[in-house]
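# Tertiary structure, described
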Amino acid sequence: DLSLNPEAQQAVDEELEKFQVLEPLSPEYAVTRNYLDWLTILPWGKQSQDNYGLKRAREILDRDHYGLEDVKTRLLEFLAVGKIKGDIAGSILCLVGPPGVGKTSVGMSMAKALGRKFFRFSLGGMRDEAEIKGHRRTYVGAMPGKLIQALKRVEVNNPVIMLDEIDKLGNSYQGDPASALLEVLDPEQNHNFRDHYLNVPYDLSDVMFICTANTLNIPPALLDRMEVIRIAGYTEDEKIEIAKQFLVPKQISNNGLKKNEITFTKSNISSII
């Protein structure tokens with residue numbers, strides 16, 4: 001049922017041919033079996049249907065977030081272009097702002113609005129480029145990189161993948177993950193992404209990437225590939241509304257209270273802020 005590209009199909013055929021003559025006790029047996037397992041478990045050609053309903057998207061963004069008008073407008077423009085074009089490939093969004101302003105939840109709302117699967121992983125402290133591009137098959141315990149693992153988990157090849165904390169990528173003698181991400185986030189290259197473990201091209205151009213960062217301390221070549229959307233802190237009025245609509249009900253529920261057992265006035269909330 002999968003539609004593999006010619007190179008991947010050839011790799012499967014060759015590995016199967018080799019697999020048929022391998023002894024089960026041979027060390028190469030398990031390596032070949034795992035490789036075939038990974039090649040055939042990926043969602044080659046499987047896609048979820050996009051929903052470009054702008055009214056529905058606006059309702060979801062308003063329900064999940066108070067304020068952020070300029071950010072919501074930009075996301076709706078992004079969806080509107082996708083509606084005209086028929087797809088949203090090619091643009092990488094980077095949400096930049098202080099901790100706790102709702103960058104990750106904006107990404108989740110975007111996935112909900114589009115009707116796509118959502119997968120998030122944090123890049124904070126990542127120092128090994130094999131985390132992005134996988135290990136070569138000859139190494140003991142080799143595995144594909146995080147992106148291929150994400151596609152296996154979501155079972156479609158057009159999810160929304162959130163790369164959290166992109167400004168906190170590490171760098172060590174094991175490699176430079178920021179440079180490995182250049183290929184992933186470049187629309188001109190990522191239709192032909194080659195994971196070290198799979199060693200066949202996989203098309204990532206249908207994946208929507210959303211990155212988050214606290215500051216613009218991002219390597220310039222990587223920053224050039226992204227569209228930066230700033231999420232500033234909130235004004236006091238916005239904080240009061242956020243507390244009333246989201247935080248107070250959540251804390252009442254977390255502490256096992258009923259609504260009529262505790263009251264927060266506007267001045268209470270202001271002094272907490």
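The rules behind the values
- Residues numbered from 1 in each chain as written.
- Predicted model: local features only at pLDDT ≥ 70, side-chain atom pairs only at ≥ 80, totals over all residues.
- Heavy atoms only, no water.
- Phe/Tyr/Trp six-rings, centres within 6.5 Å; stacked < 30°, edge-to-face > 60°.
- Helix = DSSP H or I, 4+ residues; strand = E, 2+ residues; numbered from the N terminus.
- Buried < 20%, exposed > 50% of the residue type's maximum accessible area, 1.4 Å probe, protein only.
- Lys NZ or Arg CZ within 6 Å of the ring centre and 35° of its normal.
- Axes fitted to C-alpha atoms, helices over the stretch in contact; angles between N-to-C directions.
- Parallel < 35°, antiparallel > 145°, perpendicular 65-115°, else oblique.
- Left-handed = near helix turned anticlockwise from the far one by under 90°.
- Contact = heavy atoms within 4.5 Å.
- pLDDT = per-residue confidence, 0-100.
- Expected span 1.5 Å × (residues − 1).
- Polar contact = N/O pair within 3.5 Å; in protein donor to acceptor, adjacent residues only side chain to side chain.
- Salt bridge = Lys/Arg side-chain N within 4 Å of Asp/Glu carboxyl O.
- Pairing = 2+ DSSP bridges.

Below, the discussion takes up the packing of aromatic side chains. In the structure shown here, the tally under the stated rule is four aromatic pairs. Relative to Tyr197, the ring of Tyr35 has its centre 6.0 Å away and its plane inclined at 65°; by these criteria the two rings are edge-to-face. With a gap of 162 residues between them, Tyr35 in helix α2 (residues 27–41) and Tyr197 in the loop between β4 (193–194) and β5 (201–202) connect regions that are remote in the sequence. Like Tyr197, Tyr35 is buried. Stacked on the ring of Tyr35, the Lys or Arg Arg137 has its end atom at 3.8 Å from the ring centre.

Let us look at the packing of helix α3 (residues 54–64) against helix α5 (residues 103–114). Contact geometry of α3 with α5 gives a least axis separation of 9 Å together with a crossing angle of 150°. Put simply, α3 runs roughly antiparallel to α5. The hand of the α3/α5 crossing is right-handed. Two secondary-structure elements touch here, α3 through Arg56, Ala57, Ile60, Leu61, Arg63 and Asp64 and α5 through Ser109, Lys112 and Ala113.

A separate point is the confidence of the model for the protein chain. Residue-level pLDDT values for the protein chain average 86, and 98% of them are 70 or greater. Mean pLDDT in the protein chain bottoms out at helix α8 (residues 177–184), which sits at 82, and peaks at helix α7 (residues 146–154), which reaches 91.

For the rest of this paragraph, the subject is α2. Structurally, the α-helix is built with 3.6 residues per turn, so residues lying three or four positions apart point the same way. With 15 residues, α2 ought to run about 21 Å at 1.5 Å a step, and its terminal C-alpha atoms sit 22 Å apart, in line with that. Of the surrounding elements, those touching the buried residues of α2 are α1 (6–21) and α7. Near the N-terminus of α2, the side chain that reaches the backbone nitrogen of Glu28, with its oxygen 3.1 Å away, is that of Ser26.

Here we take up the pattern of salt bridges. It is possible for side chains of opposite charge to pair when their charged atoms get near one another. Under the criterion given, the structure shown has 19 salt bridges. The residue Glu7 makes a salt bridge to Arg194 at a minimum N-O spacing of 2.9 Å. Of this pair, Glu7 sits in helix α1 while Arg194 is found in strand β4, placing the two residues 187 residues apart along the sequence. Among the residues examined, Glu7 registers a relative accessible area of 35% and is labelled partly exposed. Residue class for Arg194 comes out partly exposed when judged on its relative accessible area of 31%. Among the ionic contacts, a cluster of salt bridges with common partners joins Glu15, Lys18, Glu28 and Arg137.

Here we have five strands laid out as an open sheet, ordered β2-β3-β6-β1-β7, and parallel in their pairing. Among the strands making up the open sheet, the edge pair consists of β2 (118–122) and β7 (227–230). Going from strand to strand, the sheet's axes swing by 20° on average, the running direction of each strand aside. In terms of strand pairing, strand β3 (residues 160–164) meets strand β6 (residues 208–213) through four bridges, oriented parallel. Bridge pairing links Met162 to Ile210 in β6. Strands β1 (93–96), β2, β3 and β6 of the sheet are contacted by α5, whose axis makes an angle of about 175° with β3.

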